[in-house]
Amino acid sequence: MSTKLLGRPMLYTSYESEMALLNTGTKKAGLGLLLAVGVGLPFLVSDPQLRTLALALITAVGVIGLGLVTGYAGQVSLGHAFFLGVGACTAAALGGDPDSDLIGFGVTEVLIWLPAAGLVAAVAGALVAPLAVRLRGLYLAIVTLGLVFVGGYVFNEWTELTGGQGVGRNMPQPTLFGYELGVSDEFFTKEQKLYWLMLVVLVVFAFAARNLVRSRVGRAFSAIRDRDIAAGIMGVNLFRYKMVAFAVSSFYAGCCGALLFVADGRFEPNTSFNLDTSIKFIAMLLIGGVGTISGAILGAFFIIYLPVLTGYLPDLIPGLSTNAAQTPNTHQVELVLYGALLIIFLIFEPRGLFGIWLRLRNYWKAWPFSY
Amino acid sequence: MTQAIEIISRGLGLGSIYALLALGFVIIYKATRVISFAQPAFMLAGAVLVSYLVRPVGFYAAVPLAALGIAGLALGAERVAVRPMLGRPAFTVAIITIGLDIVVRTIATAFIGVNLRRIDDPWGVKTIPVFGAVVQQRHLAMIATTAVLVAALFAFFRYTRMGLAMRAAAFDQEAAMSQGVSVGAVFATSWAIAGALATVGGVFVASGTANVESTMWIIALVALPVIILGGLDSLPGAVISGLGVGVVQEVTATYQQYFPDWLGRNASIISPYVLMMVILLVRPYGLFGTREVERV
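It should be emphasised that the depicted structure is a prediction, and the values quoted were computed from it without experimental measurement.

A. The arrangement of the pattern of salt bridges in detail. Throughout the structure, instances matching the rule amount to 8 salt bridges over all chains. The structure contains a network of salt bridges with shared partners spanning Glu349(A), Arg351(A) and Arg359(A).

Structure (C-alpha cells):
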C-alpha cells in the first residue's frame, strides 16, 4: 500500500486517511521533529528564556480556545479575559492555603485543579451562550465586552477570592502525584519542570482541538460561522452548538488562566483580566491566522516574543529609551507595533502568519514553477 | 427635590458625554456598517490636543481647533486603515479599528508625558443655584453644548447636500452610488464628524477637577453599551440612551450606600453594562434599533 503511494503524497484512498490529523508524511516528520526539539529545549537554553517559552506555550492554549469560538464557530468574543480570570481564580481558590484569610481548599494536585478551573470557566461560558443565540456579530462582541467589565468588577470587589485590586493573590504551585513541579530540586529546575508541564498541556489541548474541528461538532461550528440561519435550516441545533462552542472555548481559557500565572506566582485581578488582555488574545489569533490551530500557536509565540524583540531596538535606534518615564520608550514602540501589525496583517495577509507559511510552502512545492 | 435636581444635572452632564461619543459611533455605523473601536483613542487624542492648544489660543478657540484637528486625524485614519477593507466582514474591520485605537491611544498617551496636563476649562468646580439645588456649571455647559451640537447635526442631515447623501448611503449604498453619491466622501465625512464629537466629549471628561489621563478611554467605552441600548443605527436612540445611562449611573452612585454589601462598592461603574445585558435579552436590537431582516 505504502509503496504505491510513494511520490504521490496527495493521493488518498480513503476518507479516513484524508481526514487524518497528520495526513501527509511530511507533517508526521515535521511534528515529530518539532516535539523532539520542544522536549529537548530545556537542556539547551537558559532558565529565563524557558520562562518566556513556557508563557508562550500556555498562552497558546488560550488562543486556541478563542480560535474555536471565534475562528471556527464565528462567534466574536471580546470576553476571553473574563474566562481566563474565572480559571485563574478557581485554581487559586482550590490550591490556596485553607488557613489564610482568602478562600482556599489546599488542593495542590495539578490534575485536580487544572480541569476544575477549566470546568468552572466552561460553566460560565455555557451561561453566556443564551446571549449568543439571541445576538450575532457586533452586538455579541459588545455584550462580551460588557462581560469583561462586569467580571472585572466582581474580581476587584470579591476580595476573599482574588485578594482585591492592587493586592492580588498567590497561585498554587502545581504538584503532580505528589511531585513538586514549582520548586527546583537536584535534578531539574523549576523553570524546566514548568516548561514541560506547559508543553504537555499545549500538545494535549492542541490535538484535542484539532480533533474536535474535524468532527461532527467542528463541521457544525463551520456551518454556523458561514451562515447561522442556513445552518439552522439544515438541522444544526444552533442553541446547542453555540453553547458547546462557548463552553469548550471557555474550558481552554480557564485552563490557560489557571497556568498563566503559575510561573510568576501571583495575579492581580485589575490588570490581569481586563479588556487589554482580551484584545491581546484577539490580536494573537488574527496575527497567527483565524481558523487554524497552528496559526493560533504561531500568533501566541509572535506576540509573546514581541517585547523581547523590541528590547533589542534601543541599540539600533538612537534616542529610544528603555525607561518607561521617558518618551519615546520601548514599551510605547511595542504597543504601537502591536496595533500596527494587527492592521497590516488584516489588510495584507488576512490569513495571518499561517497564511505566510502556506505561501512559502506552496512556493516551495511548485518550484521552479510559479504555481 | 433639590437632591433630584442635583442627581439629574450630574447624570445629564455625564450622559451628554456618552451621547456625543455614541453619536460618533452611530454615524460611523450608519455610513459604513462598522463599529469603530477607535473612538476612545480619538477622545483621548482630542483632550490632549486641547491641553496643548489652550495656553496659546485660549479655551474657546482651542476646542474647535482641536475638534478640526482630530477630525482630520480620523479622516486620515479612515483612508489609510479602514478604506482598504471595504467589503470585508464587519468583524474584521472592527478589529482593524481596535488596532487603530491602540496606535492612536499609545501615541496620545506619550504626549501626556509625566506632568499633569489640564485643559483649563472656564467652569472648573464653580456652581450655580437652580431652584435651591447646587448645580455645577460645567454640567450645565455640557448639556447646553450637546443640545447645540445635536441640533446642528440634525440640521446638517436634514438640510445639506452632504447630509442627504449620507442618509441615502446609509439607506442603500449601491443605490446611492448609482445616483452619483460619492460613498467614499460619505465614509470620510462620517469619520471626521465622529472624531470631532469625540474631541468635545474628551473635553467634557477632562473638565472640572480631572486631568487629561490615559485612563479616560474607559469612560468612552461606556458609549458602547449606550449605542447597543439605543440601537446601533438610531441617532435619536444614541442621544436618549446616552442621557438615560448617565442618569442611571448617577442614581446608582448616589444610592450606593443603601445597596447590600455583596454588590460591591462601586456598582455605578458597571450599571451601564448590566442595563445593556438585561435590555438586550428582551430587545435584541436595542430600544430604537431597526430589526435586521435576515436572508439566507
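B. Representation of the interface of chain A and chain B in the model. Across the boundary between the two partners, chain A contributes 41 residues, which contact 53 residues of chain B. Buried area between chain A and chain B, both sides added, is near 4000 Å², and the carbon and sulfur share of it is 79%. Summed over the three residues of chain A that lose the most area to chain B, namely Leu138(A), Tyr139(A) and Tyr153(A), the buried surface amounts to 19% of that side. For the pair chain A and chain B, the interface holds 3 residue pairs in polar contact (both at pLDDT 80 or more).

C. Summary view of helix α17 (residues 330-348) of chain A. In this model α17(A) runs 25 Å from its N-terminal to its C-terminal C-alpha over 19 residues, within 8% of the 27 Å that 1.5 Å per residue would give. Looking at α17(A), one finds that the buried residues are Thr330(A), Gln332(A), Glu334(A), Tyr338(A), Gly339(A), Leu341(A), Leu342(A), Ile343(A), Phe345(A), Leu346(A) and Ile347(A). In this fold, the buried residues of α17(A) make contact with α14 (275-288), α15 (293-310), α16 (313-316) and α18 (352-366) of chain A together with α3 (59-82) and α4 (90-112) of chain B.

D. Main features of the pairing of strand β2 (residues 133-136) of chain B. Residues and elements named next belong to chain B. Only one face of β2 is buried, namely the one carrying Ala133 and Val135, since none of Val134 and Gln136 on the opposite face is buried. Pairing of strand β1 (residues 127-130) with β2, which is carried by 4 bridges, proceeds in the antiparallel orientation. Note on β2: the bridge partner recorded for Thr127 is Gln136. Two successive antiparallel strands, β1 and β2, enclose a turn made up of 2 residues, where Phe131 displays a positive phi of approximately 50°.

E. Here's a closer look at the packing of helix α1 (residues 2-32) of chain B against helix α8 (residues 183-205) of chain B. All names here are of chain B. Remark: α1 packs on α8, axes separated minimally by 8 Å, with the N-to-C direction vectors making an angle of 170°. The angle between α1 and α8 falls in the class roughly antiparallel. The residues of α8 that touch α1, namely those facing Ile17, Leu20, Leu21, Leu23, Gly24, Ile27, Ile28, Ala31 and Thr32, are Val186, Phe187, Ser190, Trp191, Ile193, Ala194, Leu197, Ala198, Val200, Gly201, Phe204 and Val205. Residue composition of the contact of α1 with α8, grouped by class: 17 nonpolar, 4 polar and no charged.

F. Representation of the side chain of Asp233(B) in the model. Take Asp233(B): it is sitting in the loop between α10 (223-230) and α11 (235-254). For Asp233(B), which is buried and forms no salt bridge, the nearest opposite charge comes from Arg33(B), at a distance of 4.7 Å.

Basis of the calculations
Counting restarts for each chain, with residues numbered from 1 along the sequence as it is written. Chain labels run from A onward and ligand labels from 1 onward, assigned in the order the entries are written. A pLDDT threshold of at least 70 governs which residues receive local features in this predicted model, and a stricter bar of 80 or more applies before side-chain atom pairs are shown or counted, although totals over entire chains, interfaces and linings include all residues. Note that the side-chain values use all heavy atoms of the structure and ignore hydrogens as well as water. Any carboxyl oxygen of Asp or Glu within 4 Å of a side-chain nitrogen of Lys or Arg constitutes a salt bridge here. Throughout, a residue-residue contact means that at least one pair of heavy atoms, one from each residue, lies within 4.5 Å. Accessible surface is computed with a 1.4 Å probe, and the buried area is the amount of it that two parts give up when combined, taken over both parts together. Whenever a nitrogen or oxygen atom comes within 3.5 Å of another N or O atom, the pair is scored as a polar contact, on the condition that within protein one atom can donate a hydrogen and the other can accept it, and that pairs from neighbouring residues in sequence are kept only if both atoms are in side chains. Helix and strand assignments follow DSSP, with helices taken as H or I runs no shorter than four residues and strands as E runs no shorter than two, numbered in order from the N terminus. Take the residue count of a helix, subtract one, and multiply by 1.5 Å to get its expected span. Relative accessibility under 20% of the residue-type maximum defines a buried residue, over 50% an exposed one, and the middle range a partly exposed one, all with a 1.4 Å probe and only protein chains included. Only when DSSP finds a minimum of two bridges between them are two strands counted as paired. Each axis is a line fitted through C-alpha atoms, and for a helix only the stretch in contact is used; angles between axes span 0 to 180 degrees, taken between their N-to-C directions. Orientation categories follow fixed angle ranges, with anything under 35 degrees roughly parallel, anything over 145 roughly antiparallel, 65 to 115 roughly perpendicular, and all other angles oblique. Each residue is assigned to one class: nonpolar for Ala, Val, Leu, Ile, Met, Phe, Trp, Tyr, Cys and Pro, charged for Asp, Glu, Lys and Arg, and polar for all the others, Gly among them. For the charge count, each Lys or Arg is scored as positive and each Asp or Glu as negative, with His and the chain ends excluded.

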